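Listed below are the residues making up each chain.
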Amino acid sequence: MNLNLSPEEIVRREALAKLRALGIDPFPAEEFITTSNAEEIKANYEEGKQVIVAGRLMNQRIQGKAGFADLFDSTGRIQLYVNQDALCPGEDKSLYQDVVRHLLHYGDFVGVEGTLFTTKLGEISIHVSGLKVLAKSLKPLPMVKTDADGKVHDAFTDPELRYRMRYVDLVVNPKVKDTFVKRTKIVNAMRNFFNDKGYLEVDTPVLQAIPGGASARPFITHHNSLDIPMYLRIANELYLKRLIVGGFDGVYEFSRNFRNEGMDRTHNPEFTVMEIYVAYKDYNWMMNFTEQMLEHVAMEALGKTEVQFGEKTLSFKAPFARVTMTDAIKEYTGFDITGKSEDELRAKCLELGLDAGENLGKGKLIDTLFGEMCEKHYIQPTFITDYPVEMSPLCKRHRENPELTERFELMVNGKELANAYSELNDPIDQRERFEEQASLMERGDDEAMFIDYDFLRSLEYGMPPTSGMGIGVDRLVMMMTNNESIQEVLFFPQMRPEKKQEGPDVASFEAKGIEAHWIDAIVSMGFLSLDKLKETKPTALHQNLNQYRKKNKLDVPAAQLEEIMMWFS
RNA sequence: GAUCUCGUAGCUCAGCUGGUAGAGCAAUACACUUUUAAUGUAUGGGCCCUGGGUUCGAAUCCCAGCGGGAUCACCA
């Protein structure tokens, strides 16, 4: 007897045994061939048509010698009507009386054969003439019900349980499934958009010796035979640019990146960024490309360009607004950053009550001004352009102003969604910028970058003018599916590992020759192993065991002290 | 890491200023051959997160811990 089973689980395990006793395999091996599914039945309804479908049994409504149930397959819900005479035309009514009425439970997988009809209440249903158990469910799913007004009762809402047991969440909450279907549609729409333009999808290393292309704390691991530290990538940017050096006109990758930093509702340790690099283009071209791409994605995945996000409606209809960073800061602070020194910028930040420590360089100060004072105002998709050079070590200097770079970020709903450059392809400038980063790092800027010398070498062989763009796939999916947290758009978001509940060490008791009924008693008293048991007094245990025997009316002889003394030896 | 907040039946949740637990659904049994949150009758089911403390008495109050959520910090 397993003490950890709930009464309902015990019932289901007993049903399992009874099915076997009736000669029914609750987990048959052979293929079950279906001819239809819930969606198709409703789309091409034809009275009297013979169908075979399979799915999970939900919400049985048995009434005597007939009953209704809902069958859920991957396409949706179809109602079953089962009556005894149709299911069991012969003398033997056990398939109906035993199996359908008592041995099938909410959540079981069944295959069903029958004819289509419409009930009195107008619902398309299958009149079942054959039924096969395909898999028994041993744990009860949460019972979520929706009433006539569409109101959901007893919803399965606990975020912890939903994320830890996403399989249950998906079964019971249709909206969750919908989010993930949309996620795949969004990704496919992007991929198709790029492929149609002739760009090449590529794979680059996840395991890297230098975690380059961004500044973030990496996950560190170790390669045994090389005996060197390796890092899970924080970005793939430098590898894609190497491929542009190698002669590809356009490359892109959906890159799973890893950052060893805090987790909250917009950050998960692993997340997905789509990066694309196109030769002979600049950031102006990339802005047009990005807005067209997003409009295309919205149309493909959602069928429209207007997206409801909470109270707001976001419009992904191209073109998007474009504002320079200088103008943005001027607009929301009245302060013109043009030509200002580091001290002047710091003074302005302090005046506005912003954190502006001595370790912040000019670029970082401007970033602070923008991040704190402006960013939140850009709800509709807006390109913010021309970032200060210190903030963008991989970006080409602005063609008209060497203090700025040809960079844009796409802000949506007050948050960064995409980031793009006219890529820096001057190897000498790039080397100097990396060296500045190194000195920033020494000053204590923990966001400065490592230097990748092989990347510099590749630039020395010549990289054509190139524009690159990265877009946060998880955040895009959040926006397009109206979800406020990243956990809702990742199947298996990172969670603290579940604490293992220490089960009883039954083997240690059995090894001592303790009888099964006493083991149950000992475990129920909270002694999970023989060692724990030995911490108590044999006489006290003797009393407790016999009390337990009396209370539970055990049909066994009373425990003898001598016997118990043996367990302690 | 800081602050706030939550942890009661398989699920969703009640349980007031302290008196050792309740509902609906699910389960079990019976009735019911077109129901749809099916219905009716009956039954079973709880280390009230863990450990301390206050108290005659703690699910309830206090402290600590564990786990979750929110906000902030961190995170281009």
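Residues numbered from 1 in each chain as written. Chains lettered and ligands numbered in written order. Predicted model: local features only at pLDDT ≥ 70, side-chain atom pairs only at ≥ 80, totals over all residues. Heavy atoms only, no water.

1. Notes on the overall build of chain A
Here comes step 1: Summing up its helical and strand segments, chain A has 20 helices and 20 strands in all.
Here comes step 2: Here chain A holds 569 residues, and 46% of them are scored as buried.
Here comes step 3: Within chain A, contacts between residues at least 6 apart in sequence are counted, and of these 62% link residues at least 24 apart.
Here comes step 4: Summed over its atoms, the accessible surface of chain A is roughly 29300 Å², and 51% of this surface lies on carbon and sulfur atoms. (Helix = DSSP H or I, 4+ residues; strand = E, 2+ residues; numbered from the N terminus. Buried < 20%, exposed > 50% of the residue type's maximum accessible area, 1.4 Å probe, protein only. Contact = heavy atoms within 4.5 Å. Areas by Shrake-Rupley, 256 points an atom, 1.4 Å probe, with all protein chains shown as cover.)

2. Re the pattern of salt bridges
Pairing between side chains becomes possible if they bear opposite charge and their charged atoms approach one another.
Here comes step 1: Evaluated as defined, the whole model comprises 35 salt bridges.
Here comes step 2: Of the charged contacts in the structure, one is a salt bridge between Glu 237 and Lys 241, with a shortest N-O distance of 3.2 Å. Pair noted here: Glu 237 and Lys 241 are both in helix H8 (residues 237–245), with a separation of four residues, about one helical turn. Like Glu 237, the residue Lys 241 is buried in the burial classification.
Here comes step 3: One salt-bridge network, in which partners are shared between bridges, spans Arg 61, Asp 70, Arg 77 and Glu 123. (Salt bridge = Lys/Arg side-chain N within 4 Å of Asp/Glu carboxyl O.)

3. Considering the protein's contact with RNA strand B
Here comes step 1: Residues in contact with RNA strand B amount to 45 residues; listed here are only the nearest, Asn 59, Gln 79, Asp 85, Lys 120 and His 267.
Here comes step 2: The share of sugar and phosphate among atoms of RNA strand B within 4 Å of the protein is 54%.
Here comes step 3: Taking Arg 61, its side chain carries an N or O atom lying 2.7 Å from a base oxygen of RNA strand B.
Here comes step 4: Within the side chain of Asn 83, an N or O atom sits 3.4 Å from a base oxygen of RNA strand B.
Here comes step 5: With four residues, strand S1 (residues 50–63) is the largest single contributor of residues to the surface near RNA strand B.
Here comes step 6: For the surface near RNA strand B, the class distribution of residues is 12 nonpolar, 12 polar and 21 charged. (Near = heavy atom within 4 Å. Polar contact = N/O pair within 3.5 Å; in protein donor to acceptor, adjacent residues only side chain to side chain. Nonpolar A, V, L, I, M, F, W, Y, C, P; charged D, E, K, R; others polar.)

4. Description of the packing of aromatic side chains
Here comes step 1: Taken as a whole and assessed by the stated rule, the structure comprises 16 aromatic pairs.
Here comes step 2: Seen in terms of ring centroids, Phe 370 and Tyr 378 are 6.4 Å apart; in terms of plane orientation they differ by 20 degrees. Their pairing is stacked. Grouping residues by exposure puts Phe 370 and Tyr 378 together as buried.
Here comes step 3: These aromatic residues form a ring-pair network of at least three members: Phe 193, Phe 194, Tyr 199, Tyr 252, Phe 254, Trp 285 and Phe 289. (Phe/Tyr/Trp six-rings, centres within 6.5 Å; stacked < 30°, edge-to-face > 60°.)

5. Some thoughts on the packing of helix H7 (residues 174–196) against helix H15 (residues 473–480)
Here comes step 1: Put simply, H7 and H15 touch, their axes get as near as 10 Å, and they point 120 degrees apart. One finds that H7 runs oblique with respect to H15. At the point where H7 passes H15, the crossing takes the right-handed sense. Residues Arg 183, Ile 186, Val 187 and Met 190 of H7 form the contact with H15, whose participating residues are Val 473, Asp 474, Leu 476, Val 477 and Met 480.
Here comes step 2: For the contact of H7 with H15, the per-class residue count stands at seven nonpolar, no polar and two charged. (Axes fitted to C-alpha atoms, helices over the stretch in contact; angles between N-to-C directions. Parallel < 35°, antiparallel > 145°, perpendicular 65-115°, else oblique. Left-handed = near helix turned anticlockwise from the far one by under 90°.)

6. A look at a negative patch on the surface
Here comes step 1: Negative charge collects at one region of the surface, where Asp 426, Glu 432, Glu 435 and Glu 436 lie side by side.
Here comes step 2: Mapped onto the elements, Glu 432 comes out in helix H13 (residues 427–443). (Patch = residues over 30% accessible without salt bridge, like charges linked within 9 Å, V, L, I, M, F, W, Y side chains within 5 Å. Lys, Arg positive; Asp, Glu negative; His and termini not counted. Charge placed at Lys NZ, Arg CZ, Asp CG, Glu CD.)

7. Here we look at the confidence of the model for chain A
Here comes step 1: When pLDDT is averaged across chain A, the result is 86; 88% of the residues are at 70 or more.
Here comes step 2: Predicted confidence for residues 500–504 stays below pLDDT 50, and this span has five contacts to residues more than four positions away or in other chains.
Here comes step 3: As a predicted assembly, this complex carries a pTM of 0.84 together with an ipTM value of 0.85. (pLDDT = per-residue confidence, 0-100.)

8. Examining helix H10 (residues 325–333)
Here comes step 1: Regarding H10, the residues found buried are Met 325, Thr 326, Ala 328, Ile 329 and Thr 333. Along the long axis of H10, the arc covered by the buried residues comes to 165 degrees, so they all point the same way.
Here comes step 2: Against strand S16 (321–324), helix H11 (342–351), helix H12 (362–373) and strand S17 (382–385) lie the buried residues of H10.
Here comes step 3: Where H10 terminates, the next one or two residues include Gly 334, which has phi positive at roughly 75 degrees. (Arc of directions from axis to C-beta.)

9. Re the packing of H8 against helix H14 (residues 453–460)
Here comes step 1: Where H8 contacts H14, the axes come no closer than 9 Å and their chain directions differ by 25 degrees. Judged by the inter-axis angle, H8 sits roughly parallel to H14. The two elements H8 and H14 meet at a crossing, and its hand is left-handed. On H14, the residues touching Leu 238, Lys 241, Arg 242 and Val 245 of H8 are Asp 454, Phe 455 and Ser 458.
Here comes step 2: The class makeup of the residues in the contact of H8 with H14 is three nonpolar, one polar and three charged.

10. Remarks on the nonpolar core
Here comes step 1: Met 190, Phe 194, Met 274, Ile 276, Met 469 and Ile 471 are the most contacted members of the largest nonpolar core, which totals 45 residues.
Here comes step 2: The biggest single contributor to this core is helix H9 (residues 283–302), with 10 residues.
Here comes step 3: Excluding residues that lie within four positions of it along the chain, Phe 194 makes contacts with Tyr 199, Tyr 252, Met 274, Ile 276, Phe 289 and Met 293.
Here comes step 4: Of all hydrophobic cores here, the second largest spans 27 residues; its members include Val 53, Leu 57, Val 99 and Leu 131. (Core = buried A, V, L, I, M, F, W, Y, C linked by side-chain atoms within 4.5 Å.)

11. Quick notes on the sheet that holds strand S18 (residues 407–412)
Here comes step 1: Reading across from one edge, S8-S12-S13-S20-S19-S18-S17-S16 is the order of the eight strands in this open sheet, with mixed pairing throughout. If you trace the sheet from one side to the other, it starts and ends with strand S8 (200–201) and S16, each paired once.
Here comes step 2: The sheet contact formed by S8 and strand S12 (residues 250–258) spans two bridges and is parallel. Bridge pairing in S12 places Glu 201 opposite Tyr 252.
Here comes step 3: Sheet contacts for H10: S16 and S17; angle to S16, the most-contacted strand, approximately 85 degrees.
Here comes step 4: Taken strand by strand, H15 contacts S12, strand S13 (270–279), S18, strand S19 (415–422) and strand S20 (466–472), and its axis lies near 55 degrees from that of S20. (Pairing = 2+ DSSP bridges.)

12. Considering the sheet that holds strand S10 (residues 220–223)
Here comes step 1: Spatially, three strands are ordered S9-S11-S10 in an open sheet, and the strand pairing comes out antiparallel. Edge strands, defined here as strands with exactly one partner in the open sheet, are strand S9 (207–208) and S10.
Here comes step 2: Pairing between S10 and strand S11 (residues 228–232): four bridges, direction antiparallel. Across the sheet, residue His 223 finds its bridge partner in S11, namely Ile 228.

13. A few points about H14
Here comes step 1: Looking at H14, one finds that the buried residues are Phe 455, Leu 456, Ser 458 and Leu 459. Taken around the axis of H14, the buried residues stretch over an arc of 155 degrees, which confines them to a single face.
Here comes step 2: Structurally, the start of H14 carries an N-cap: the backbone nitrogen of Asp 454 is 3.1 Å from a side-chain oxygen of Asp 452.
Here comes step 3: Two residues or fewer past H14, Gly 462 is found with a positive phi of approximately 105 degrees.

14. Structural notes on the pairing of S11
Here comes step 1: Pairing of S9 with S11 involves two bridges; the strand directions are antiparallel. Of the residues in S11, the one forming a bridge with Gln 208 is Tyr 231.
Here comes step 2: Turn length for the S10-S11 hairpin, with the two strands adjacent in sequence and antiparallel, is four residues, and the turn residue Asp 227 shows positive phi of about 55 degrees.

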